[in-house]
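Tertiary structure, described
Each chain, written out:
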Amino acid sequence: GIVYKKVIKQDMMAIYPGGELICYTTEDNIIYENLLYDGVRDTLSFGPILLDEGEYGKDIYTNFLAGANPRCASGMVEPGHYVIILSDGRNPTSAGITLKRFTDLFIDQGCVKAYNLDGGQSAAMIFMGEYVNTHQNDYTGKGFRAIGEIVYFGTSQLVPDELP
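Let us look at the structure shown here. (Residues numbered from 1 in each chain as written. Predicted model: local features only at pLDDT ≥ 70, side-chain atom pairs only at ≥ 80, totals over all residues. Heavy atoms only, no water.)

This paragraph deals with a nonpolar patch on the surface. A cluster of nonpolar side chains, contributed by Y56, Y61 and I107, occupies part of the molecular surface with about 310 Å² of accessible area. Of note, Y61 is situated in the loop between β5 (55–56) and β6 (71–78). (Patch = residues over 30% accessible without salt bridge, like charges linked within 9 Å, V, L, I, M, F, W, Y side chains within 5 Å. Areas by Shrake-Rupley, 256 points an atom, 1.4 Å probe, with all protein chains shown as cover. Salt bridge = Lys/Arg side-chain N within 4 Å of Asp/Glu carboxyl O. Helix = DSSP H or I, 4+ residues; strand = E, 2+ residues; numbered from the N terminus.)

In structure tokens, the structure reads:
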């Protein structure tokens, strides 16, 4: 709920209180007060939009990062039902993945929306306390970039009908 930038300069995703992920482009002329009024407390901006309402994002072929690279993205099957996919790249065990093929993975998982986040050294997938991914020339799990944001999933005793 803290506004760091009042004008978006690249695509962004917003997560609404009901669990819906909505992707916006700079052409949408988003007004941050409206997002706050609608209850949005979390937005992320990196891009591009991979999938919106089941359609490929307009930049997946032309984005300067369209070729094979390490990736991290969030996709939505339905509000509250998310898929996170992370791909290593630029190392001997993985060349990475193109934006088009990455988008196809989200379609294969039933997603109707997907948004590309910063992959590479900004992305760390940890499961049960163990690093799942590695980075170029780093196989210790300690070569991740320090960043100020985190997207994480955990468990709760609440059931969906009891969520605030």
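Having seen the model, we can carry on.
A few words on the pairing of strand β1 (residues 12–15). As paired strands, β1 and strand β2 (residues 21–24) are joined by four bridges and run antiparallel to one another. Residue pairing in the sheet places A14 in a bridge with I22 of β2. Here β1 folds back onto β2 in antiparallel fashion, the turn holding five residues, of which G19 has a positive phi close to 90 degrees. Pairing geometry for β1 and strand β3 (residues 42–44), over three bridges, is antiparallel. (Pairing = 2+ DSSP bridges.)

Turning our eyes to something else, we now look at the sheet that holds β3. Either a parallel or an antiparallel arrangement is found when strands of a sheet pair, and the pairing is made through backbone hydrogen bonds. One open sheet accounts for three strands, arranged β2-β1-β3; its pairing is antiparallel. For this open sheet the edge positions go to β2 and β3, each flanked by a neighbour on one side alone. Put simply, the sheet's adjacent strands are angled 20 degrees from each other on average, direction ignored. (Axes fitted to C-alpha atoms, helices over the stretch in contact; angles between N-to-C directions.)

This part covers the environment of N69. Note on placement: N69 falls in the loop between β5 and β6. On a C-alpha basis, the gap between N69 and G120 in space is 7.7 Å, while along the polypeptide they are 51 residues apart. In contact with N69, not counting residues within four places along its chain, are D88, R90, A95, G96 and I97. (Contact = heavy atoms within 4.5 Å.)

Right, let's get into the packing of aromatic side chains. Counted according to the given criterion, the structure contains one aromatic pair. With 5.4 Å between their ring centres and 85 degrees between their planes, F102 and F106 make a pair best called edge-to-face. Here the residue F102 and the residue F106 both occupy positions in helix α2 (residues 99–108), the gap between them amounting to four residues, near one helical turn. Residue F102 is classed as buried on the basis of its relative accessible area, which comes to 0%. (Phe/Tyr/Trp six-rings, centres within 6.5 Å; stacked < 30°, edge-to-face > 60°. Buried < 20%, exposed > 50% of the residue type's maximum accessible area, 1.4 Å probe, protein only.)

Turning our eyes to something else, we now look at the pattern of salt bridges. By the definition in use, this model includes five salt bridges. Each of E20, E53 and K113 takes part in one network of salt bridges that share partners.

Moving on: the side chain of N63. With respect to the helices, strands and loops of the structure, N63 is situated in the loop between β5 and β6. Side-chain polar atoms of N63 contact the backbone nitrogen of L65, separated by 2.7 Å. Sequence-distant contacts of N63, that is, excluding residues within four places in its chain, are made with P48 and L99. (Polar contact = N/O pair within 3.5 Å; in protein donor to acceptor, adjacent residues only side chain to side chain.)

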